[in-house]
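As a plain string of letters, each chain reads:
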Amino acid sequence: MIYLDHNATTPLHPRALAAMLPYLRERWGNPSSPHRFGNEAKAAVENARESIAGSIHCKPNEIVFCSSGTEADNLALRGVARALRSRGNHIVTTAIEHHAVLNTSKTLESEGYRVTYLPVNRDGIVQLDALEASLESDTILVTIMHANNETGVVQPIEEIAALTSRQGVVLHTDAVQSAGKLPQRPGELGADLVSFSGHKLYGPKGIAVLYVREDTPISPVITGGEHEHGLRAGTENVAAIVGLAEAATIAFEMSETEGQRLRALRDRLERQVVSSIERVKINGARAERVPNTSNVSFYGIDGESIVLALDVCGICVSTGSACSTENPEPSHVLIAMGLDAQEAQGSIRMSLGRETREQDIDFTVSALVDTVERLRRISSVRNE
Amino acid sequence: MHMFNRSKSQKKPKPAYAGPVLYYNDLVIDHFSNPRNVGEMPDDESNGFGLVGDPSCGDQMKLWIKVESGRIDKVAFKSFGCPGAIATSSMLTALVERKTIEEALCVTDDDVIEALGGIPEKKKHCSLLGVKALRAAIADWQSRQTDDKGKSAGS
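Computed from a prediction, not measured in an experiment: that's the story for all the values here. (Residues numbered from 1 in each chain as written. Chains lettered and ligands numbered in written order. Predicted model: local features only at pLDDT ≥ 70, side-chain atom pairs only at ≥ 80, totals over all residues. Heavy atoms only, no water.)

S.K.: Help me understand the overall build of chain B, please; the structure alone is not making it clear to me.
M.R.: Helix and strand counts for chain B come out as 5 helices and 3 strands. Counting from the amino terminus, chain B carries its helices and strands in the arrangement α-β-β-β-α-α-α-α. A total of 155 residues make up chain B; the buried ones form 46% of that total. Split by element, the accessible area of chain B, about 7900 Å² in all, is 50% carbon and sulfur. (Helix = DSSP H or I, 4+ residues; strand = E, 2+ residues; numbered from the N terminus. Buried < 20%, exposed > 50% of the residue type's maximum accessible area, 1.4 Å probe, protein only. Areas by Shrake-Rupley, 256 points an atom, 1.4 Å probe, with all protein chains shown as cover.)

S.K.: Just checking my understanding: could you explain the overall build of chain A for this structure?
M.R.: Within chain A one finds 11 helices and 12 strands. Against the compact-globule benchmark of 21 Å for 384 residues, chain A has a radius of gyration of 21 Å, which places it among compact chains. Summarising its shape, the C-alpha atoms of chain A cover approximately 70 × 55 × 35 Å along the three principal directions. Taken over 384 residues, chain A has a buried fraction of 61%. Contacts in chain A between residues at least 24 apart in sequence constitute 74% of all its contacts with a sequence separation of at least 6. Accessible area for chain A stands at about 14300 Å²; split by element, carbon and sulfur atoms hold 49% of it. Of note, chain A has its 37 positive side-chain charges centred 2 Å away from the centre of its 49 negative side-chain charges. (Rg over C-alpha atoms; globule rule 2.2 N^0.38 Å. Contact = heavy atoms within 4.5 Å. Lys, Arg positive; Asp, Glu negative; His and termini not counted. Charge placed at Lys NZ, Arg CZ, Asp CG, Glu CD.)

S.K.: Help me out: how do you make sense of the pairing of strand β8 (residues 208-212) of chain A in this one?
M.R.: Residues in a regular strand point their side chains to alternate faces of the sheet. All names here are of chain A. Summarising burial for β8: 5 of the 5 residues are buried, a large majority. Of the two faces of β8, the one holding A208, L210 and V212 and the one holding V209 and Y211 are both buried throughout. In this sheet, β8 lies alongside strand β2 (residues 63-66) in antiparallel orientation, the contact comprising 4 bridges. Bridge pairing in β8 links C66 to A208. Pairing of strand β7 (residues 193-197) with β8 involves 5 bridges; the strand directions are antiparallel. (Pairing = 2+ DSSP bridges.)

S.K.: How should I be thinking about helix α1 (residues 14-24) of chain A in this particular structure?
M.R.: Within an α-helix, residues lying three or four positions from one another point in the same direction, as the helix has 3.6 residues per turn. Residues and elements named next belong to chain A. Those residues of α1 not exposed but buried are A16, M20 and Y23. Down the axis of α1, the smallest arc covering the buried residues is 45 degrees, so these residues share one side. As for α1, its buried residues are in contact with α2 (36-56) and α7 (238-276). (Arc of directions from axis to C-beta.)

S.K.: Even after reading the chapter, I still don't get the sheet that holds strand β6 (residues 170-174) of chain A, so can you show me in this structure?
M.R.: The pairing of strands in a sheet comes from backbone hydrogen bonds and takes either a parallel or an antiparallel form. All names here are of chain A. With respect to topology, 7 strands assemble into an open sheet ordered β2-β8-β7-β6-β5-β3-β4, the strand pairing being mixed. This sheet does not close on itself; its edge strands, each paired only once, are β2 and β4 (114-118). Sheet twist, expressed as the mean angle between neighbouring strand axes with direction ignored, is 20 degrees. Of the strand pairs in this sheet, strand β3 (residues 90-94) and β4 are connected by 5 bridges, and their pairing is parallel. Following the sheet pairing, T93 is matched in β4 by Y117. Running over the sheet, helix α6 (residues 157-167) touches β5 (139-143) and β6 and is turned about 160 degrees from β6. (Axes fitted to C-alpha atoms, helices over the stretch in contact; angles between N-to-C directions.)

S.K.: Any chance you could explain unusual backbone geometry here in plain terms?
M.R.: If a residue is not glycine, its phi is most likely negative; likewise, a peptide bond is most likely trans. The residue H229(A) is not glycine, and still its phi comes out positive at about 55 degrees. The class for H229(A) is partly exposed, based on a relative accessible area of 44%.

S.K.: Help me understand the sheet that holds strand β10 (residues 293-298) of chain A in this model?
M.R.: All names here are of chain A. Here we have 3 strands laid out as an open sheet, ordered β9-β10-β12, and antiparallel in their pairing. Edge positions in the sheet fall to β9 (280-282) and β12 (347-351), since each of these pairs with one other strand and no more. Taken over all neighbouring pairs, the strand axes of this sheet differ in orientation by 25 degrees on average, direction set aside. As paired strands, β9 and β10 are joined by 3 bridges and run antiparallel to one another. From the neighbouring strand, V280 faces β10, where its bridge partner is F298. Relative to the sheet, helix α8 (residues 303-312) contacts β10 and β12, its axis offset from that of β12 by approximately 45 degrees.

S.K.: Explain the environment of G70(B) here, please?
M.R.: Residue and element names in this part refer to chain B. Residue placement: G70 occurs in the loop between β2 (60-68) and β3 (71-80). Accessibility expressed as a relative area gives 28% for G70, which makes it partly exposed. Each C-alpha atom of the pair G70 and N25 lies 34 Å from the other, and the pair is 45 residues apart in sequence. Those residues in contact with G70 that sit more than four places away from it in its chain are K99, T100 and I101.

S.K.: What is the right way to look at the packing of aromatic side chains in this model?
M.R.: Aromatic ring pairs are reported here in terms of the distance separating the ring centres and the angle at which the planes meet. Scanning the entire structure with this criterion turns up 2 aromatic pairs over all chains. Ring plane angle 80 degrees and centroid distance 4.8 Å describe the contact between W28(A) and F37(A), whose orientation is recorded as edge-to-face. We classify F37(A) as partly exposed; its relative accessible area is 30%. Centroid distance F49(B) to W64(B): 5.2 Å. Interplanar angle 45 degrees. Geometry classified as tilted. Remark: W64(B) occurs in strand β2 and F49(B) occurs in strand β1 (residues 48-53); sequence separation between them is 15 residues. Given a relative accessible area of 17%, F49(B) falls into the buried group. (Phe/Tyr/Trp six-rings, centres within 6.5 Å; stacked < 30°, edge-to-face > 60°.)

S.K.: Please clarify how α8(A) should be interpreted in this entry.
M.R.: All names here are of chain A. Taking burial as the measure, the 10 residues of α8 include 9 buried ones, the bulk of the element. Looking at α8, one finds that the buried residues are G303, E304, S305, I306, V307, L308, A309, L310 and V312. Structurally, the start of α8 carries an N-cap: the backbone nitrogen of E304 is 3.1 Å from a side-chain oxygen of D302. G314 sits one or two positions beyond α8 and adopts a positive phi of about 85 degrees. (Polar contact = N/O pair within 3.5 Å; in protein donor to acceptor, adjacent residues only side chain to side chain.)

Structural measurements only, silent on function.
The following block contains the structure:
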């Protein structure tokens, strides 16, 4: 199997697994328990919190553990919206967000908040002047993703943060696809809230972090005990937290060198695709992108057909995001970038990772050449 | 890391299908990988044509038939669409080849799906195109029988 779907999920790093095992076997105590056995688990959680704070450059008390990137996004949006309800009810986001943000925004709209969905240009980037113009006196939250899951395009989040902090508006960024892939540390992006997830950076599934800068107004969404500074009730997923800490240490340590390696492989992939297949388009190619992601449109054929044909050859790629593969609607991200429905329907996402080698890229390109040729022979769309 | 079994010499990929892929069964994968009756039929070789769908808003299918003494002598299709659309189109052509027009008109979406051993619920709408295109092609053939105007592509 050649796995080129690392934006969907990554394999668990063996060191993360090794760190987790004791907390799944013998050290299964509850961190909230008042005895030494519970305290052992508590210490593991707090050590992990400190370690992650070191990796992402923030204070330990600014880290809130959640069950998923989606939950972290929900806590950021709903938590800030609720905390600032008396100050205003306007939220600004973009048309290209992950569904975790997009559908949460829609839910907030149905609860009486006003939401502005900023467009992006053809390269997939939000324009700062459009953002500035969208801010109103009752704007309480701006939420703009760092790197897009489908195209890898990176938003100028530091510049966005400079603008929102000047205007005194809380900024959240979904950094699920950038954390550990870019050398930038989530705690230094300038945002007040940052989400990232364990299983996208070779940690376990079922664990994520919401970084909450000190003094950011936010209310809990899941209530119960006083876990996570009262922001997220529920017994901690101790083993996963420990695994995430280990995985994050490794990911940020190697982000620079691994990023260079992946960028070279991604460039090799795109060079070969463009030179050996006619009528293709690399989406977001002119923008800054995370180094592992490539989104390509093939004229006249359907992306899901390409995915299945490659799957038959033992190659895992994806159309758009993993969450929407059963949804026949073309990608909202590509449509927002100005692609027509047919170009969007003919797109696939290839996301490289630590096991990816040059030979995998070459094998994939040769499979792609055959697949695209075969599907174009079947296609009713004329191909001249 | 050694997460994956990667043979040292990776040669030209061939569809070495082993086990269920995505959420389609083996027969669907077979009709997707080796679709029957793919192609275009030139005007002098066909006497019925159907075009359904719109590639600007989803799938599209073109279907040609050659009717001889009330029987579908030859059928060919081309399709822009998902694996379900390609496989159901292929199976439809296999089902109606050599059938009389009356028999062919009785073939339904459910017949195609049943012949394929089922397709995922969310993909069932894809199978609609094939039957629609066939009926359009038959209507086109019928209109060519009654008046001899020639081409009138159904939709």
